[in-house]
Amino acid sequence: MGALTYDTLTVTAATQLQNELRDEIIIQARDFPVNTIAGADISFNKFSPTIYAGIILLRFPELIPIGYSLVKKEVRFPYVPGYLAFREVPALMTAWENLPQKPDLLVVDGHGIAHPRRMGIAAHFGVVAKTPVVGCAKKVLCGRYEEIPPEQGSNTPLIFKNDVVGAVLRTKYAVRPVFVSPGYRMDVPGSVEIITQCVGRYRIPEPTRLAHNIVNKFRLGEVPEGYTEV
DNA sequence: GCGACAG
DNA sequence: ATCTTGTCGC
């Protein structure tokens, strides 16, 4: 079975694929319980074609780690703003397939529909894997928003071309906000609600933060590839 | 034409 | 994304 890859695509072909996959996106209120949640992230050395992908599974709402899946892979598709999925989704998909137990909801580091063509990495992954996903990015990609109060939990809609595509959420008092947007089988309010419940002691919500930590340790050779029960 | 631009 | 150096604050 051939693993998913976008390495032979041109940016033009990638744009076309995004426009096709967009018709499969499902944005709706959450209609399932969340007892487990996962965080997905990528790590790599600058200028290297090797990328390290990881997904960490947590119990929800306790946010206690259950286990994690780590995989190393080569990529040729370059990083181009708006096309992040073509670089990271293949590796993340392998890590996903290696998970012995799938989470009720996945949080991906990046945007969902808060994207120029409404197909950010979180939406892309959700459509391909057919699983609930929410995107949580550290920086805006597109859209406008009003200044938000410094209070923890305050949030304002992220608007792109007159559509509410996500929300800007202050996870900590007076700290830079994060950008939340639904990816698949979630809507904006539901995404903000869940991400808010995922905030621990840091600016970055636990799923994504812990995924970043473990995949970084993996890249540095501090933890082995494969699935590890925690 | 000019500015913006996830990871 | 990654790496470095340095400062501020609990």
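Before going into details, it helps to say that this report is about the structure given with it. Note that the structure is a prediction, hence the values are computed from the model and not measured. (Residues numbered from 1 in each chain as written. Chains lettered and ligands numbered in written order. Predicted model: local features only at pLDDT ≥ 70, side-chain atom pairs only at ≥ 80, totals over all residues. Heavy atoms only, no water.)

### Overview of the side chain of Asp187
Here is step 1 of the chain: Within the element layout of this structure, Asp187 appears in the loop between strand E8 (178-184) and helix H4 (188-197).
Here is step 2 of the chain: The buried charged residue Asp187 lacks any salt bridge partner; its closest oppositely charged side chain belongs to Arg30, at an N-O distance of 7.6 Å.
Here is step 3 of the chain: When sequence neighbours within four positions are dropped, the list of residues in contact with Asp187 reads Ile27, Gln28, Ala29 and Pro182. (Helix = DSSP H or I, 4+ residues; strand = E, 2+ residues; numbered from the N terminus. Buried < 20%, exposed > 50% of the residue type's maximum accessible area, 1.4 Å probe, protein only. Lys, Arg positive; Asp, Glu negative; His and termini not counted. Salt bridge = Lys/Arg side-chain N within 4 Å of Asp/Glu carboxyl O. Contact = heavy atoms within 4.5 Å.)

### Some details on the sheet that holds strand E3 (residues 64-74)
Here is step 1 of the chain: Taken together, 9 strands build an open sheet; the order of strands is E6-E7-E8-E5-E4-E1-E2-E3-E9 and the sheet is mixed. Each end of this open sheet is capped by a strand with a single partner; those strands are strand E6 (155-160) and strand E9 (226-229). Averaged over neighbouring strand pairs, the angle between their axes works out to 25° when direction is ignored.
Here is step 2 of the chain: Its contacts with the sheet put helix H2 (residues 85-97) on strand E1 (36-44), strand E2 (50-59), E3 and strand E4 (105-109), and the angle it makes with E2 is roughly 50°.
Here is step 3 of the chain: H4 contacts E1, E4, strand E5 (133-137), E6, strand E7 (163-169) and E8 of the sheet and is inclined by roughly 15° relative to E7. (Pairing = 2+ DSSP bridges. Axes fitted to C-alpha atoms, helices over the stretch in contact; angles between N-to-C directions.)

### Regarding the pattern of salt bridges
Here is step 1 of the chain: In total, this model carries 6 salt bridges according to the counting rule given.
Here is step 2 of the chain: Linking Lys130 and Glu24 is a salt bridge whose minimum nitrogen-to-oxygen distance equals 3.5 Å. Linking Lys130 in the loop between helix H3 (121-129) and E5 with Glu24 in the loop between helix H1 (11-21) and E1, this pair joins segments that are 106 residues apart in sequence.

### Concerning the protein's contact with DNA strand B
Here is step 1 of the chain: As a matter of local geometry, DNA strand B sits amid 19 residues, with Phe44, Tyr79, Gly82, Ile121 and Lys138 nearest to it.
Here is step 2 of the chain: Expressed as a percentage, the sugar and phosphate content of the atoms of DNA strand B within 4 Å of the protein is 46%.
Here is step 3 of the chain: Between DNA strand B and Tyr83 there is a distance of 3.3 Å, counted from a base nitrogen to a backbone nitrogen or oxygen.
Here is step 4 of the chain: Within the backbone of His111, one N or O atom sits 3.2 Å away from a base nitrogen of DNA strand B.
Here is step 5 of the chain: Residue composition of the surface near DNA strand B, grouped by class: 9 nonpolar, 5 polar and 5 charged. (Near = heavy atom within 4 Å. Polar contact = N/O pair within 3.5 Å; in protein donor to acceptor, adjacent residues only side chain to side chain. Nonpolar A, V, L, I, M, F, W, Y, C, P; charged D, E, K, R; others polar.)

### Considerations on the nonpolar core
Grouped burial of nonpolar side chains is what soluble globular proteins tend to show.
Here is step 1 of the chain: Within the largest apolar cluster, 31 residues are counted, with the highest numbers of intra-cluster contacts made by Ile37, Phe60, Leu105, Val180, Ile194 and Ile195.
Here is step 2 of the chain: Among the elements that line this core, the one with the most residues is helix H5 (residues 206-219), at 5 residues.
Here is step 3 of the chain: The contact partners of Ile194, leaving out residues within four places of it in the chain, are Arg30, Val34, Ile37, Phe60, Leu105 and Met186.
Here is step 4 of the chain: With 27 residues, the next largest nonpolar core counts Ala85, Val89, Trp96 and Val108 among its residues. (Core = buried A, V, L, I, M, F, W, Y, C linked by side-chain atoms within 4.5 Å.)

### Regarding the protein's contact with DNA strand C
Here is step 1 of the chain: Neighbouring DNA strand C are Ser43, Phe44, Lys46, Asp109, Lys138, His212, Asn216 and Arg219.
Here is step 2 of the chain: Put simply, 88% of the atoms of DNA strand C that lie within 4 Å of the protein are in sugar or phosphate.
Here is step 3 of the chain: Between DNA strand C and Ser43 there is a distance of 2.7 Å, counted from a phosphate oxygen to a side-chain nitrogen or oxygen.
Here is step 4 of the chain: The contact in question runs from a phosphate oxygen of DNA strand C to an N or O atom on the side chain of Asn216, over 3.2 Å.
Here is step 5 of the chain: Taken together, the elements giving at least two residues each to the surface near DNA strand C come down to E1 and H5.
Here is step 6 of the chain: Ranked by residue count, the leading element in the surface near DNA strand C is H5, at 3 residues.
Here is step 7 of the chain: Along the lines of polarity and charge, the residues of the surface near DNA strand C split into 1 nonpolar, 3 polar and 4 charged.

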